[in-house]
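Coordinate analysis (summary)
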Amino acid sequence: MKNILVTIDLKGNEQLLIDQASKLAEKFEAKVWIIHIAAPDPDFVGYSVGPQYIRDNLATELRKEHRLLQNYSVQLEKKGIESEGLLVQGPTLEMILEEADKLKIDLIISGYQDHGFFYKALYGSVSNSLIKESNIPVLIVPVD
């Protein structure tokens, strides 16, 4: 195992996932790729982004998310684990699978949090979809 992909949603539970990746990376001398999928560009999904202040807010949010990813990567580098953070915009499942293929990922680590019926009906579950769609082994870590 040479490449581990950790999917994070930046909702405060990512350290648990990064710790799991760190343990495995140390044992296998693997590189850890930390990925966060940001919402698709509004133009991509057919909506105008509106006034300049909305564009500025989106850009500020993306810069903030990118800094967080870089900080997690630096944490791992300090432990002697090769790491890189990726911020990608687009549909979550498709982008995870696309990046995993490009990076020749050997293991995907994703969190699982139990949600209610309405949340599942509206948003689905990335971890469940990963299990069904991925040809790469997936490690699901409960984050509740």
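In this report, the structure presented in the accompanying data block is examined. Just so you know, these numbers come straight off a predicted model, no measurement behind them. (Residues numbered from 1 in each chain as written. Predicted model: local features only at pLDDT ≥ 70, side-chain atom pairs only at ≥ 80, totals over all residues. Heavy atoms only, no water.)

Looking now at the sheet that holds strand E1 (residues 3-7). Read across the open sheet, the 5 strands follow the order E3-E2-E1-E4-E5; overall the sheet is parallel. Strand pairing shows two members of the sheet lacking a second neighbour, strand E3 (83-89) and strand E5 (138-142), which therefore form its edges. Going from strand to strand, the sheet's axes swing by 25 degrees on average, the running direction of each strand aside. Pairing of E1 with strand E2 (residues 31-38), which is carried by 5 bridges, proceeds in the parallel orientation. Residue Leu 5 lies in a different strand from E2, and its bridge partner there is Trp 33. Where helix H5 (residues 126-133) meets the sheet, its contacts fall on strand E4 (107-112) and E5, and the angle it forms with E4 comes to roughly 150 degrees. (Pairing = 2+ DSSP bridges. Helix = DSSP H or I, 4+ residues; strand = E, 2+ residues; numbered from the N terminus. Axes fitted to C-alpha atoms, helices over the stretch in contact; angles between N-to-C directions. Contact = heavy atoms within 4.5 Å.)

Right, let's get into the nonpolar core. Core analysis: the largest hydrophobic core is formed by 19 residues, its most contacted members being Ile 4, Val 6, Ile 8, Leu 17, Val 32, Ile 34 and Ile 109. Going through the elements one at a time, E1, helix H1 (14-28), E2, helix H2 (52-78) and E4 are the ones with two or more residues in this core. Top contributing element to this core by residue count: H1, with 4 residues. Counting 15 residues, the second largest nonpolar core, distinct from the first, contains Ile 37, Leu 86, Met 95 and Ile 108. (Core = buried A, V, L, I, M, F, W, Y, C linked by side-chain atoms within 4.5 Å. Buried < 20%, exposed > 50% of the residue type's maximum accessible area, 1.4 Å probe, protein only.)

Attention now moves to the side chain of Asn 13. The residue Asn 13 is located in the loop between E1 and H1 in this model. Looking at Asn 13, the relative accessible area reads 14%, which means it is buried. When neighbours within four sequence positions are excluded, Asn 13 is seen to be in contact with Gln 113 and Val 143.

On to the packing of helix H3 (residues 92-102) against H5. Contact pair H3 / H5: the axes reach a minimum separation of 10 Å and the direction vectors enclose 45 degrees. What the angle tells us is that H3 and H5 run oblique. Relative to H5, H3 is oriented so that their crossing is right-handed. Taken together, the residues of H5 that come into contact with H3 (itself represented by Thr 92, Leu 93, Ile 96 and Leu 97) are Val 126, Ser 129, Leu 130 and Glu 133. Looking at the contact of H3 with H5, its residues break down into 5 nonpolar, 2 polar and 1 charged. (Parallel < 35°, antiparallel > 145°, perpendicular 65-115°, else oblique. Left-handed = near helix turned anticlockwise from the far one by under 90°. Nonpolar A, V, L, I, M, F, W, Y, C, P; charged D, E, K, R; others polar.)

Let us now look at the pattern of salt bridges. Counted according to the given criterion, the structure contains 4 salt bridges. With a closest N to O distance of 3.6 Å, Lys 31 and Glu 82 form a salt bridge. With Lys 31 in strand E2 and Glu 82 in the loop between H2 and E3, the pair connects residues that are 51 residues apart, well separated along the chain. With relative accessibility at 13%, the residue Lys 31 sits in the buried group. Salt-bridge contacts for Lys 102 lead to Glu 98; the nearest nitrogen and oxygen are separated by 3.6 Å. In this pair, Lys 102 and Glu 98 are both assigned in helix H3, 4 residues apart and thus about one turn of the helix distant. Connected via shared salt-bridge partners are Lys 31, Glu 82 and Glu 84. (Salt bridge = Lys/Arg side-chain N within 4 Å of Asp/Glu carboxyl O.)

With that out of the way, let us pick up the pairing of E4. In this sheet, E4 lies alongside E1 in parallel orientation, the contact comprising 3 bridges. Note that in E4 the partner of Leu 5 across the bridge is Ile 108. Taken together, the 5 bridges between E4 and E5 define a ladder with parallel strand orientation. Residue pairing across strands places Ile 109 opposite Leu 139, the latter belonging to E5.

By themselves, these figures tell us nothing about what the structure is for.
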